[in-house]
Amino acid sequence: MLVTVLSALSLCAGVFAQNAVVDQNIAQQAPIAKVELLADIGPHVSRPAAKAGAVADVVDRYIANEDSIAKAGLLANIGADGSKSSGAKSGVVIASPNTVDPNYLYTWTRDAALVTKCIVDQYIRGEGDSLRTTIDDYVEAQTILQQVPNPSGNVSTGGLGEPKFMITLDAFTGSWGRPQRDGPALRSTALITYANWLISQSNMTYVTQNLWPVIKLDVDYVANNWNSSGFDLWEEISSSSYWTSAVQHRALREGVILAQNIGQTNVVDDWTTQADNVLCFMQSYWNPTGGYMTSNTLGGRSGIDANTALASIHTFDPEAICDAATFQPCSDKALSSLKVYVDSFRSIYSINQGVAANGSVATGRYPEDVYYNGNPWYLATFAVAEQLYDALIVWDAQGSLNITSTSLTFFQQFLPSVTTGTYASTTSTYSTLISEISAFADGFVAINAQYTPTDGGLAEQFNKDTGAPLSAKDLTWSYASAVTAFAARNGTINGSWGAKDVKVPAGQCQFNQGPAVPTTFNVVATTVFGENIFLTGSIDALKTWSPDNAIPLSAAGYPTWSVTVNLPASTSFEYKYIRKYNGQVTWESDPNRQATTPASGSFGFNDSWR
Ligand code: NOJ
Ligand code: NOJ
């Protein structure tokens, strides 16, 4: 089975490449004028086949120009020689050359790792021997950075969770949302990808001497800290974040495989145990009613967020097919989530007005975003396209697609009459869906194309009313998101990280086991008829700040509302009560309530609504 899928996957790269023939004449021309693109795209009113072709043409022409601009954009932002990163030390990836409104002339561990992973993948594909030096410089810079004491701690006391540094490799000491626990995971993924390639070239020495020490520190950090809260990838709220858990899970799994391959077996048991725990925890983010993976709920947000589409594409493993437990791009949960996410931007950005309900639109970080008044981001809109391209790669490779009750709404956007079931590539249902979804995916790239200025520069955001580029210019991560989306459109796949072999542990997650303390929550709250009181909080047993999954209290002792919940012993946590009335959620006022469960016995509170 595996052999079949793999050979089909390598074939499929060829098929995609044929579909996306690059027009060499156009590639030589000046950048495509915005106005021409606007004319070609139009609103996607239930795309007939010819229209799909037109979008594909627009995207072909955009990529012919933008791919090399984006690849050059990455290198320009890497010290010491990058043309836009003067002052950055060797191997330092700056977030953007922008120094005011906003000042992004720092190096973020997350951005730098994602950019380097993109460069490593290019290098492995044979797209430039000189990239090797860029990668080795990054390795050297990270080796130094890991040891730099900073406000999150030193290398052994939590310093690896520091989100950003000066481009001179010094600590950034201003106040910031710290720690952010995705950084070490993403950095180890970039380095492990490189290590695996070096091993395939029989270059063990560099792996064991230079890469392994850095990787081990990072993956140990993940193993020890994955269950502690930290700031999310948008640096705003400290709680649990699906993105962070998903990239941590990947890092632990591929860390185990690398450790085995180079004989560092002492870490294998611990990392495997923690990987199983994280995978178990990842399942708890699913919101079955809303049909989406809850990204991050603290602060009264919906939890609908680019966080999860990004998690899906950055943990894509084609060998895992459409596995939902690891949230693979073609899994029913990831497709359902993607639809909910995309739909949440249809009415809130003026530039999305007039687009059909199943058309491609500009998307941002999350609908409640207020940063620069909340706008579409290039990297978010590219992520939607990339998730769809990844899904298309797998369907093509397996020669069928499967629709479950969870993914049905996603597929019905393209074929309202479709029902659950498995459709082989020989069926017309399959052909219709594939061509519609291909055009839908291209539509997101076309949106970014439409709002890319003629010089091809990619900022962080574009204005939700005018489409004009906004916030940091030449955002390195924006360029990387273009390169990876374009590669996925070409059917390119990167190495597996072992996702196909993982299974959610049966029964309760291990971190939820151990002594439980029955905890009774009593709260005096007067309510109107039809209004109910719920409880949610920072730990899994309290539904990790999810208003949708919050625990209902009983009104049997009204006006005292009550519920008893089993909480893990000796655990500190935060909680709040919420009111739900007519679908409206009202949170208690800040700050969060805080407590620590005892080691044994029972526990409880007599609270009054705040
Ligand atoms: C800067 C962060 O990088 C950004 O993500 C955030 O939205 C703003 N600060 C506001 O907190
Ligand atoms: C703000 C974004 O929210 C964050 O994810 C990113 O790391 C920084 N900007 C730097 O690009």
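Note on numbering: residues in each chain are counted from 1, in written sequence order. All chains are assigned letters beginning at A, and all ligands numbers beginning at 1, according to the order in which they are written. At least 70 in pLDDT is required for a residue's local features to be given in this predicted model, at least 80 for side-chain atom pairs to be given and counted, and no such filter applies to totals for whole chains, interfaces and linings, which use all residues. Excluding hydrogens and water, the side-chain figures rest on all heavy atoms present in the structure.

Peer 1: Before we go on, may I ask you to explain the site of ligand 1 in this structure?
Peer 2: If even one non-hydrogen atom of a residue comes within 4 Å of a molecule or strand, that residue is called near it. Around ligand 1 sit W176, W234, E235, E236, R365 and Y371, and that is every residue in its neighbourhood. We call two N or O atoms a polar contact when they sit within 3.5 Å, provided that within protein one can donate a hydrogen and the other can accept it, with sequence-adjacent residues counted only if both atoms are side-chain atoms. At a separation of 2.4 Å, an oxygen atom of ligand 1 approaches a polar side-chain atom of E236. The contact in question runs from an oxygen atom of ligand 1 to an N or O atom on the side chain of R365, over 2.7 Å. A total of 290 Å² of accessible area belongs to ligand 1 in isolation, and the protein chains cover 71% of it. Note that accessible areas follow from Shrake-Rupley with a 1.4 Å probe, and for residues the cover is restricted to the protein chains shown.

Peer 1: In this structure, what is going on with the environment of L252? I would like to understand it.
Peer 2: Runs of H or I in DSSP of at least four residues are treated as helices and runs of E of at least two as strands, each being numbered from the N terminus. As for its placement among the helices and strands, L252 is situated in helix 9 (residues 242-261). A residue is classified by how much of its surface remains accessible, and L252, at 0% relative accessible area, is buried. Taking C-alpha positions, L252 is 7.6 Å from Q274, a pair spaced 22 residues apart along the chain. Whether two residues touch is decided by their heavy atoms; if any such pair falls within 4.5 Å, the residues are in contact. Contact partners of L252, with chain neighbours within four places excluded, come to V219, V222, A223, W271, Q274, A275 and V278. Any residue under 20% of the maximum accessible area for its type is buried, any over 50% is exposed, and the rest in between are partly exposed; the area is computed with a 1.4 Å probe on protein chains only.

Peer 1: Would you take a moment to explain the site of ligand 2 for this structure?
Peer 2: Around ligand 2 lies a shell of 13 residues, among which Y104, R110, D111, L233 and R365 are the nearest. With respect to ligand 2, the side chain of R365 contributes an N or O atom lying 2.7 Å from an oxygen atom. When isolated, ligand 2 has an accessible area of 290 Å², and the protein chains bury 98% of it. Among the residues forming the shell around ligand 2, the class breakdown is 8 nonpolar, no polar and 5 charged. Three categories are distinguished: nonpolar for Ala, Val, Leu, Ile, Met, Phe, Trp, Tyr, Cys and Pro, charged for Asp, Glu, Lys and Arg, and polar for the others, with Gly belonging to the last.

Peer 1: Hey, could you run me through the pattern of salt bridges in this one?
Peer 2: Once their charged atoms are close, side chains differing in charge can pair, the charge on each being opposite to the other. Any Lys or Arg side-chain nitrogen located within 4 Å of an Asp or Glu carboxyl oxygen qualifies as a salt bridge. Enumeration according to the criterion identifies 26 salt bridges in this entry. One salt bridge connects R253 with D276, and the closest N-O pair in it is separated by 3.0 Å. Here D276 lies in helix 10 (residues 268-283) and R253 lies in helix 9, a separation of 23 residues in the sequence. Given the relative accessible area of 10%, R253 is considered buried. On the accessibility criterion, D276 (25% relative accessible area) is partly exposed. With a closest N to O distance of 2.7 Å, K576 and D590 form a salt bridge. Of the two residues, K576 sits in strand 16 (residues 572-581) while D590 sits in the loop between strand 17 (584-587) and strand 18 (593-596), which places them 14 residues apart along the sequence. Counted as one network, the salt bridges with shared partners bring together D67, K71, R125 and E127.

Peer 1: Would you mind showing me how to read the side chain of T193 here?
Peer 2: Its location among the elements puts T193 in helix 7 (residues 183-200). Engagement of the side chain of T193 in a polar contact is seen with the backbone oxygen of T189, the distance being 2.7 Å. When neighbours within four sequence positions are excluded, T193 is seen to be in contact with K117, V120, D121, I124 and R250.

Peer 1: In this structure, what is going on with the nonpolar core? I would like to understand it.
Peer 2: One broad trend across soluble globular proteins is that nonpolar side chains are buried collectively. Of all hydrophobic cores here, the largest spans 139 residues; its most connected members are L211, L310, W395 and F411. Counting residues per element, this core draws most heavily on helix 13 (residues 378-398), at 13 residues. In this view, L310 contacts L233, W234, W243, L379, A383 and W477; residues no more than four positions away in its chain are not counted. What is meant by a nonpolar core is a set of buried Ala, Val, Leu, Ile, Met, Phe, Trp, Tyr and Cys residues, joined one to another through side-chain atoms within 4.5 Å.

Peer 1: Could you clarify how one ought to interpret the UniProt feature "active site" (unreviewed entry) in the chain in this entry?
Peer 2: UniProt positions are given in the numbering used here, feature names are shortened, and annotations may be inferred rather than shown by experiment. UniProt tags D232 and E235 as "active site" (unreviewed entry). Within the fold, D232 resides in the loop between strand 3 (230-231) and strand 4 (238-239). Residue classification places D232 among the buried positions, given a relative accessible area of 0%. Setting aside its immediate chain neighbours within four residues, D232 contacts Q180, I237, S241, N296 and R301. Within polar-contact distance, the side chain of D232 engages the backbone nitrogen of E236 at 2.8 Å. Take E235: it is sitting in the loop between strand 3 and strand 4. Setting aside residues up to four positions removed in sequence, E235 forms contacts with W108, R110, P163, W176, G177 and Q180.

Peer 1: Is there a simple way to explain the state of the cysteines in this structure?
Peer 2: Simply put, disulfide is the name for a covalent bond between the sulfur atoms of two cysteines. Here, a disulfide means two cysteine sulfur atoms that sit within 2.5 Å of each other. As enumerated under the stated definition, the model contains 1 disulfide in all. In this model, C322 is linked to C330 through a disulfide, with the two sulfur atoms separated by 2.1 Å. Of note, the bridge from C322 to C330 carries an S-S torsion of about -105° and is left-handed in sense. On the basis of relative accessible area, C322 is assigned to the partly exposed category, the value being 23%. On the accessibility criterion, C330 (4% relative accessible area) is buried.

Peer 1: I keep staring at the packing of aromatic side chains and nothing clicks. Help me out?
Peer 2: Given two aromatic rings, one states the distance between the centres and the angle between the planes to describe the pair. When two rings of Phe, Tyr or Trp (its six-membered ring) have centres within 6.5 Å they constitute a pair, described as stacked for plane angles under 30 degrees, edge-to-face for angles over 60, and tilted for the intermediate range. Overall, the coordinates contain 35 aromatic pairs when judged by the stated rule. Measuring from ring centre to ring centre gives 5.0 Å for Y123 and W197, while their planes differ by 70°; the resulting arrangement is edge-to-face. Placement of the pair is Y123 in helix 5 (residues 109-124) and W197 in helix 7, with a sequence separation of 74 residues. The burial state of Y123 is the same as that of W197; both residues are buried. Ring centres of F573 and F605 lie 6.4 Å apart, and the angle between their planes is 75°; on these two criteria the pair is classed as edge-to-face. Placement of the pair is F573 in strand 16 and F605 in strand 19 (residues 603-608), with a sequence separation of 32 residues. Both residues of the pair, F573 and F605, belong to the buried class. Here the aromatic residues W395, F410, F411, F414, F440 and F444 are joined through ring pairs into a cluster of three or more. Here K164 stacks its cationic end above the ring of Y106, 3.7 Å away from the centre of that ring. The cationic tip of K164 hangs over the ring face of W176; the distance from NZ or CZ to the ring centre is 3.5 Å. Definition used: whenever NZ (Lys) or CZ (Arg) falls within 6 Å of the ring centre and also within 35 degrees of the ring normal, the charge is taken to sit over that ring.

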